[in-house]
Structure formats: C-alpha cells, structure tokens
Amino acid sequence: QFPFGRRLPCDIYWHGVSFHDNNIFSGQVNKFPGMTETVRKITLSRAMRTMRDLFPLEYNFYPRSWILPEELPLFVAEVRTMKDSNPSWKPTFIVKPDGGCQGDGIYLIKDPSDIRLTGSIQSRPAVVQEYICKPLLVDKLKFDIRLYVLLKSLEPLEIYIAKDGLSRFCTEPYQEPTLKNLHQVFMHLTNYSLNIHSGNFIHSASANTGSKRTFSSILCRLSSRGADVKKLWSDIISLVIKTIIALTPELKVYYQSDIPAGKPGPTCFQILGFDILLMKDLKPVLLEVNANPSMRIEHEQELSPGVFENVPSPVDEKVKVAVIRDTLRLMDPQKKKRKDAHLSFHTYLNFSAQLQSLRAGIAGMKDKQHKHHSLKLSLKLKFYLKLGLCQSPERAPGAGEEPDAAPSPEAALPSLCLKQVFPKYARHFSYLRLVDRVAALFIRFLGVKGTTKLGPTGFRTFVRNCKLSNSNFSMAAVDILYIDITRRWNSMGIDHKESGNPGMCLQAFVEAFFCLAQKKYKALPLHKQVLSLLELCECRLAGLHGKRLVWGCG
C-alpha cells in the first residue's frame, strides 16, 4: 500500500476510489478517468435516453427517467397526460439523488406533487424513475442482482462478465406500493447497506439461503421451475453490452483528456457493479451501474452492545475473490511475455521449415528466382534472430518441448470465472455504436489536447470541413445553434471537470449533431438520419485528409 502514491514504475496500480494519480506514466491502472462521473445517475440516464431516442426497442431495459430539478415541469406534464389517457394507471415513482449510494436519500412517491421540493433538490440534483411494481419474488421477497463486469479495454472495446454474482434480498415480504407502505424501505429497497440494519436480516454460510445469496443459486431455482435460464443470461449479456456502448463515448472524451494520444501514460481497466432487477416475466431491468462496487468479503457482527467484530462472508468470498483473481489473470503483463516466448519458438520453426524446404527444392538447380527467394528468407530469419523475435536452434527447446519448461502459474488455478462477451458478440451490437462515431468527430475537432469541451471555432471548423452549411443553413445559423445548445447545457450545472469552461460538452455536441441530421435528412427515422450524416462527414473528412497528403507531397 502506498497512501501517498508511488513514483517508481509498477505493472498494475490498484486504486481504491478513482483514477487520481497524475504521476503514472506506464503500467495498468484499475480505474478509467471519468468513470465515476459517467455512471452517476443523471449522466447514465442522459446516455440511456440518447440511445433510446436512436434505438427505442433495443434500449427498453432502463426505466423511464426524468432529471430534477430541470425536468420537473416536463415530469408533471407527462404524468398528467398519461393519467388522462389511461385513468386506471396508478403509477409509483422512485426518487434517487444523483450522487447518492447505498440507498442514501432514496424515497418512493405516488404523485409528482410528493417530490420533496426543499433546498436540497437544487444543491443535490436527482433522477426520478418509474418504479418496477411487479418484480420477480423469491420466498415472497424482492431482490436484485449485483453482477461484476470487467471493462478490460476501451479501444478496442473488450468486455467480460462474471459467471456468478450476488442476489441481495429485502427483509420484509413484498407488497405492491400503496400510500401505507411507501415508506417501508426493508420491503422496497434491496440495498444491502439498508437491509443489514433490519432485525430480519439473515447471515448465512450457505449460497442458497439468507439475505445475500449467489445468483447461480437463484438460476438453479428458476431452472427447476422450468424457466428458460439460457435466454435470461442472453438478455443480461445484451443489457450489459448495450449499457457499456452507451457509456463509452463519454469515457473516450475523458480518456483523451487525461491520457492524450502520443504522450506516455498507463492503460486502464475497471471492474463495474451492475445492479439488475428481474421482472415477473424474467425481463432484466437495469437499476444502476456502480463504478466502485464493494469488494468486502466480511461483515460486522455485534458481540455485545457497541462491540463488533469482522466475520467472514462465504457468499461474498466465493464471488468477489474469483472476480479479482481472474481480473488480475487477464491483465497479467507476464502472461503476454510467456505468450510471446511461445510464439517466438514457433516463428523460428516456421521459418526454418520454409528455408529447408526451399533449399531442398533448389538443390542441383540453377533457378535464379528460387535462389533469390531462399536468400531473402535466410536474411529475414537472421533479422528476426537479431531482434529476438524468434529463438536460435541453440536456445530452442527439443522436439515436443514448449519454450518454457517450467509449469505455468495458472496451471493450479481454477478456470476463469470471467466470460468475454465483447468483441465475441460484436457483430450483433456494432450497429448501435453511432454515438461512439459522433464522439470521434467531437474529439477530432477539440483542438487543444487535455480539454473536454469544444469551442466555437472548433464547431465552425467541423461544419466547414464537413461542408454542412449551405444557403438554407448559413454559418450565422451555425453560430446561433452552437450558442443556444451550449448555453442551455452549461446552465444545467452539470458536475464536470471543466464546469467553469463555457465550451460545448459532448452531450451538447451530440444534440447539435442530431439537430443537423434532422435538418438534412427529414424523411428518415432518427437513427438513419444520424447514420447518413456520419457517413457523409467521415467521407468528406477522409477526402480532405487525402488532399492534404497530396498537397504535402507537392
């Protein structure tokens, strides 16, 4: 442990809370810059809303959300409209503070007028969502699922999901919300940090019983009832991949700000906690994403009034130790070295076999072309030997041997609990990555390295280079669009690393891009409008780059 940081190089830095040490120039860090801000409730809700606007059916796994205080009038109006159109609709809503965690500040309401409009709502923004009134119950109790997801790499995108997770139970039998039971947190809120204080909370050494169980035990129970567990897992994997796709554009902006291209810096990875609720029909619903999921494998037990001791939690240990162990196995820098050594041996064998075959083939012949090919291959082999990319015959193992005679440290470990889901299933989801491409345009025109906001000159350059202005949309109209959107986003008081900078943030640029797409391709649905404009911009920028290369040669 290095409480004040460490200047000497390391293979892996494991930070407790966030990416914060600016003196890291190499190795790997277990946090992405900006992840904490990106998964906050308001930022997550905005990202999911953007994706739902583009792909309504694909992103129907996140509850409808409104942001307080700025969207309070919209929330009131939409609820009134829905009630007028369907008088039998009796909704319940859940209010969650933006920066809250462990159930802090969460409460349920039946009507928009019940929102606690105190000074705190201004200083502490919140998200209000439709409450899931018909969850799946086990033993008459509501529960949620904590799944651990490893974001191994951002570019290229690489995602792993743990094969097991935790099921966290409420401690009072569930009833659908009424005015009488709205305030019973042990019935409605699954947060472990809340329910641990209930007199009904059960610590169990078994994975199948108690107030915290393994997710695999729930799946076994569902399977015994005839539920399609394979489809459930498939839906959960889809939910995780789509959520990460919604988050990556913002993460890439933060990443290029903290670790600019061309400068020395670490690579990043991060374990995320996905909180998922199952509905009665087994449809998974995303509740939230946690950037710093608890990795505690023990709990406090009161021995006598005021006297506590830490007691091991077998369920936590079974799931969490495997997640951290296998994350380190996947990120292990020595693994690549061992793999390279293995490949280098086979590189040598491959070249030697080709060379011997050629030499045998031209024995006694005077074919200049064959001799020239043989000489080239021989020189290439010597060059590879010099660089150390393959082994010489003296250093190479004997027949049937591997380059490393020592047994691998992984030989004694269990199989990986982390399953790769992206890029493994990339072909099913790549079409959703439109905002990723918009973010690439945004980053291209930022101009100054280390910034996360686009100035008016950068926006004008983007429009001009992509040839988006015309007689119906002048550069003056471009300036007005920039000012209107930027001013509105900056007035929202978003907690941002450059909140004092008056420029255009990524979300504002995405809105402006959608606006330009709608102006240019009016007859198409939104996702096709955005795709068409993206293809146009990318084509024109590629052509511009080609011209610059020609001019440079001239």
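Throughout this document, residue positions are counted from 1 along each chain, in the order its sequence is written. Predicted model: local features are reported for residues with pLDDT of at least 70 only, side-chain atom pairs are reported and counted for 80 or more only, and whole-chain, interface and lining totals are derived from all residues. With hydrogens and water stripped out, all remaining heavy atoms of the structure feed into the side-chain values.

- In the nomenclature of an unreviewed UniProt entry, the chain corresponds to TTL11 polyglutamylase from the organism Motacilla alba.

### A short note on the packing of helix H8 (residues 229-258) against helix H13 (residues 434-444)
Turning to step 1, where the next piece is worked out: Remark: H8 packs on H13, axes separated minimally by 8 Å, with the N-to-C direction vectors making an angle of 25°. One finds that H8 runs roughly parallel with respect to H13. Once H8 is placed against H13, the crossing between them reads as right-handed. Each of Thr 248, Pro 249, Lys 252, Val 253 and Gln 256 in H8 lies in contact with H13, whose residues at this interface are Val 435, Asp 436, Ala 439, Phe 442 and Ile 443.
Turning to step 2, where the next piece is worked out: All amino acids are sorted into three groups, where Ala, Val, Leu, Ile, Met, Phe, Trp, Tyr, Cys and Pro are nonpolar, Asp, Glu, Lys and Arg are charged, and the leftover types, Gly among them, are polar. Per-class residue counts for the contact of H8 with H13 are six nonpolar, two polar and two charged. With axes taken as lines fitted to C-alpha atoms, and helix axes fitted only over the stretch in contact, angles between N-to-C directions fall between 0 and 180 degrees. Where helices and strands are cited, they refer to DSSP runs of H or I of at least four residues and of E of at least two residues respectively, numbered from the N terminus. Working rule for angles: under 35 degrees goes down as roughly parallel, over 145 as roughly antiparallel, 65 to 115 as roughly perpendicular, anything else as oblique. Two helices crossing with the near one rotated counterclockwise from the far one by less than a right angle form a left-handed crossing, whereas a clockwise rotation gives a right-handed crossing. Any two residues whose heavy atoms approach within 4.5 Å are treated as being in contact.

### Some points on the sheet that holds strand S5 (residues 107-109)
Turning to step 1, where the next piece is worked out: Taking strand neighbours across the sheet as the criterion, the four strands line up as S3-S6-S4-S5 in an open arrangement whose pairing is antiparallel. Edge positions in the sheet fall to strand S3 (65-68) and S5, since each of these pairs with one other strand and no more. Within the sheet, the average angular offset between the axes of one strand and its neighbour, ignoring direction, is 25°.
Turning to step 2, where the next piece is worked out: Across three bridges, strand S4 (residues 93-97) lies against S5 in antiparallel orientation. Here a strand pair is declared whenever DSSP counts at least two bridges between the two strands.

### With respect to the pattern of salt bridges
Turning to step 1, where the next piece is worked out: One side-chain nitrogen of Lys or Arg within 4 Å of one carboxyl oxygen of Asp or Glu is enough to make a salt bridge. Applying the stated criterion to the full structure yields 25 salt bridges.
Turning to step 2, where the next piece is worked out: Between Arg 40 and Asp 98 there is a salt bridge, with its nearest N and O atoms 3.1 Å apart. One end of the pair, Arg 40, is in the loop between helix H1 (35-38) and helix H2 (41-54); the other, Asp 98, is in the loop between S4 and S5, and 58 residues separate them in sequence.
Turning to step 3, where the next piece is worked out: Its salt-bridge partner being Arg 49, residue Glu 71 comes within 2.7 Å of it at the nearest N-O pair. Placement of the pair is Glu 71 in the loop between S3 and helix H3 (72-85) and Arg 49 in helix H2, with a sequence separation of 22 residues.
Turning to step 4, where the next piece is worked out: If you follow the salt bridges from partner to partner, you end up with Asp 144, Arg 146, Arg 168 and Asp 275 in one network.

### Examining helix H16 (residues 506-520)
Since there are 3.6 residues in each turn of an α-helix, residues three or four apart along the chain are aligned in direction.
Turning to step 1, where the next piece is worked out: The span one expects for a helix is its residue count, reduced by one, times 1.5 Å. The end-to-end C-alpha distance of H16, which contains 15 residues, comes to 21 Å, matching closely the 21 Å that a straight helix rising 1.5 Å per residue would cover.
Turning to step 2, where the next piece is worked out: Taken as a whole, H16 has its buried residues at Leu 506, Gln 507, Ala 508, Phe 509, Val 510, Ala 512, Phe 513, Phe 514, Leu 516 and Ala 517. Only protein chains enter the area calculation, which uses a 1.4 Å probe; residues under 20% of their type maximum are buried, those over 50% are exposed, and those in between are partly exposed.

### Things to note about the packing of aromatic side chains
Turning to step 1, where the next piece is worked out: A pair of aromatic rings is counted whenever rings of Phe, Tyr or Trp (Trp by its six-membered ring) have centres within 6.5 Å, and the orientation is called stacked for planes under 30 degrees apart, edge-to-face for over 60 and tilted otherwise. For the coordinates displayed, the defined rule picks out 19 aromatic pairs.
Turning to step 2, where the next piece is worked out: Here Phe 459 and Tyr 482 contribute two aromatic rings whose centre-to-centre distance is 5.6 Å and whose plane-to-plane angle is 40°, an arrangement assigned as tilted. Pair noted here: Phe 459 is in helix H14 (residues 456-465) and Tyr 482 is in helix H15 (residues 475-490), with a separation of 23 residues, a long-range link. The burial state of Phe 459 is the same as that of Tyr 482; both residues are buried.

### Structural notes on the nonpolar core
Turning to step 1, where the next piece is worked out: For our purposes a nonpolar core is just a set of buried Ala, Val, Leu, Ile, Met, Phe, Trp, Tyr and Cys residues, chained together by side-chain atoms within 4.5 Å. Counting residues in hydrophobic clusters, the biggest one holds 101 residues, and the most contacted among them are Phe 274, Phe 459, Phe 462, Phe 509, Phe 513 and Val 530.
Turning to step 2, where the next piece is worked out: Tallying contributions element by element places H8 first for this core, with 14 residues.
Turning to step 3, where the next piece is worked out: Mapped onto the domain boundaries, this core takes at least three residues apiece from domain 1 (35-63 + 132-331) and domain 3 (431-494 + 501-551).
Turning to step 4, where the next piece is worked out: Those residues in contact with Phe 462, other than ones at most four positions away along the chain, are Leu 441, Phe 445, Leu 468, Phe 509, Phe 513, Leu 516 and Cys 537. What fixes the domain bounds is an automatic or database domain assignment.

### Details of the environment of Val 95
Turning to step 1, where the next piece is worked out: Mapped onto the elements, Val 95 comes out in strand S4.
Turning to step 2, where the next piece is worked out: As a C-alpha pair, Val 95 and Ile 106 span eleven residues in sequence and 5.6 Å in three-dimensional space.
Turning to step 3, where the next piece is worked out: Filtering out sequence-adjacent residues up to four positions away, Val 95 remains in contact with Leu 68, Gly 105, Ile 106, Tyr 107, Ile 109, Ala 126, Val 127 and Val 128.

### Regarding the side chain of Arg 329
Turning to step 1, where the next piece is worked out: Summarising the element assignment, Arg 329 is placed in helix H9 (residues 314-331).
Turning to step 2, where the next piece is worked out: Within the structure, Arg 329 has its side chain in polar contact with the side chain of Asp 326 (distance 2.9 Å). As used in this structure description, the phrase polar contact means that two N or O atoms lie within 3.5 Å; if the pair is within protein, one of them must be able to donate a hydrogen and the other to accept it, and residues adjacent in sequence are counted only when both atoms belong to side chains.

### Examining the side chain of Thr 171
Turning to step 1, where the next piece is worked out: Here Thr 171 shows up in the loop between strand S10 (166-169) and helix H5 (185-188).
Turning to step 2, where the next piece is worked out: A relative accessible area of 7% places Thr 171 in the buried class.
Turning to step 3, where the next piece is worked out: Other than its neighbours up to four places away in sequence, Thr 171 contacts Leu 141, Phe 186, Asn 195, Ser 198, Asn 200, Phe 201 and Ser 211.

### Topic: the pairing of S4
Turning to step 1, where the next piece is worked out: In terms of burial, S4 is largely enclosed, as five of its five residues are buried.
Turning to step 2, where the next piece is worked out: Side-chain alternation along S4 places Phe 93, Val 95 and Pro 97 on one buried face and Ile 94 and Lys 96 on a second face that is also buried.

### Some remarks on H14
Turning to step 1, where the next piece is worked out: What H14 keeps buried is the set Gly 458, Phe 459, Phe 462, Val 463 and Asn 465.
Turning to step 2, where the next piece is worked out: Downstream of H14 by a residue or two, Lys 467 has a phi angle that is positive, lying close to 55°.

### Considerations on the environment of Phe 459
Turning to step 1, where the next piece is worked out: Judged by relative accessible area, which is 1%, Phe 459 ranks as buried.
Turning to step 2, where the next piece is worked out: Spatially, the C-alpha atoms of Phe 459 and Gly 503 are 9.9 Å apart, while their sequence positions differ by 44 residues.

### Focus: the sheet that holds strand S12 (residues 267-268)
Turning to step 1, where the next piece is worked out: Here three strands make up an open sheet; going across it, the order is S1-S2-S12 and the pairing parallel. Looking along the sheet, the strands with just one partner apiece sit at the ends: strand S1 (12-13) and S12.
Turning to step 2, where the next piece is worked out: Two strands pair when backbone bridges link them, and S1 and strand S2 (residues 28-29) are joined in this way by two bridges, in the parallel orientation. Each bridged residue has a counterpart across the sheet, and for Ile 12 the counterpart in S2 is Gln 28.

### Topic: unusual backbone geometry
Turning to step 1, where the next piece is worked out: Cis rather than trans, the peptide bond between Leu 68 and Pro 69 has omega equal to 5°.
Turning to step 2, where the next piece is worked out: Mapped onto the secondary structure, Pro 69 falls in the loop between S3 and H3.
Turning to step 3, where the next piece is worked out: Cis rather than trans, the peptide bond between Phe 422 and Pro 423 has omega equal to 15°.
Turning to step 4, where the next piece is worked out: Checked against the element boundaries, Pro 423 lands in the loop between strand S17 (418-422) and helix H12 (426-429).

### Notes on the confidence of the model for the chain
Turning to step 1, where the next piece is worked out: On average, residues of the chain score 85 in pLDDT, and 81% of them are at 70 or above.
Turning to step 2, where the next piece is worked out: Each residue carries a pLDDT score, the predictor's own confidence in it, on a scale running from 0 to 100. When the criterion is pLDDT under 50, residues 383-400 qualifies, and its contacts beyond four places in sequence or with other chains add up to 26 contacts.

### Concerning the packing of H15 against H16
Turning to step 1, where the next piece is worked out: Look at H15 against H16: their axes get within 9 Å of each other, and the N-to-C directions meet at 140°. What the angle tells us is that H15 and H16 run oblique. Seen along the crossing, H15 lies across H16 with a hand that is right-handed. Two secondary-structure elements touch here, H15 through Leu 481, Ile 485, Arg 488 and Trp 489 and H16 through Gln 507, Ala 508, Glu 511, Ala 512, Cys 515 and Leu 516.
Turning to step 2, where the next piece is worked out: Here the residues of the contact of H15 with H16 are counted per class, giving seven nonpolar, one polar and two charged.

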